[in-house]
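Observations on the model geometry
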Amino acid sequence: QVQLVESGGGLVQAGGSLRLSCVASGGDFSLYYMGWFRQAPGKEREFVAAISLGGAVTYYGDSVQGRFTISRDNARNTVWLQMNSLKPEDTAVYYCASDRDATSATIRLHNAYDDWGQGTQVTVSS
């Protein structure tokens with residue numbers, strides 16, 4: 001089990017950028033696939049991005065492809081989500097999550113992840 005703490009959320013105008021961070025503790029970070037999800041009020045939790053153990057393979061949700069970039073540094077136990085060209089519909093609470101057993105079939109599924117951070121609010125104004 002790992003503990004995850006997100007930071008970097010805030011209020012930004014449409015077209016702007018934010019960089020979210022998620023720092024892990026309590027486990028060997030290099031053994032965990034990492035994902036970012038988001039949830040807007042009244043909506044289901046949505047897959048945003050995920051990254052493989054070493055960072056070589058990344059996955060993105062259709063709505064963020066080309067605008068968001070996920071990366072990780074195993075030496076710093078950190079995963080980031082760089083969000084560019086933000087839109088009002090990106091407004092949500094963003095969560096990072098970890099999973100030891102992800103496959104290409106499960107990595108986009110929120111119920112496959114074991115541990116979650118507390119979330120960080122991102123608000124994009126129009």
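Scroll up to find the structure this text is about.
Here is a short report on the structure shown in this document. Only a predicted model underlies this, so the values are computations on that prediction, with no experimental measurement involved.

1. Focus on the packing of aromatic side chains
Going through the model one piece at a time under the given rule, you end up with five aromatic pairs. Plain terms: the ring middles of Phe-37 and Tyr-113 are 5.1 Å apart, the flat faces sit at 80 degrees to each other, and that makes the pair edge-to-face. In this pair, Phe-37 sits in strand β4 (residues 33–39) while Tyr-113 sits in the loop between β9 (92–99) and β10 (115–116), placing the two residues 76 residues apart along the sequence. Relative accessible area serves as the criterion here: at 1%, Phe-37 is assigned to the buried category. Here Tyr-113 falls in the buried class, since its relative accessible area comes to 5%. Among the aromatic residues, ring-to-ring pairing joins Phe-37, Phe-47, Tyr-95, Tyr-113 and Trp-116 into one connected group.

2. A short note on the pattern of salt bridges
As enumerated under the stated definition, the model contains three salt bridges in all. A salt bridge links Arg-38 to Glu-46; the shortest N-O distance between them is 2.8 Å. The shortest N-O distance in the salt bridge between Asp-90 and Arg-38 comes to 2.9 Å. Of this pair, Asp-90 sits in the loop between β8 (78–83) and β9 while Arg-38 sits in strand β4, and the two are 52 residues apart along the sequence. Arg-38 matches Asp-90 in its accessibility class, with the two residues each being buried. Where salt bridges share partners, they join Arg-38, Glu-46, Arg-67 and Asp-90 into one cluster.

Rules used in this analysis
- Residues numbered from 1 in each chain as written.
- Predicted model: local features only at pLDDT ≥ 70, side-chain atom pairs only at ≥ 80, totals over all residues.
- Heavy atoms only, no water.
- Phe/Tyr/Trp six-rings, centres within 6.5 Å; stacked < 30°, edge-to-face > 60°.
- Helix = DSSP H or I, 4+ residues; strand = E, 2+ residues; numbered from the N terminus.
- Buried < 20%, exposed > 50% of the residue type's maximum accessible area, 1.4 Å probe, protein only.
- Salt bridge = Lys/Arg side-chain N within 4 Å of Asp/Glu carboxyl O.

Geometry only, nothing functional implied.
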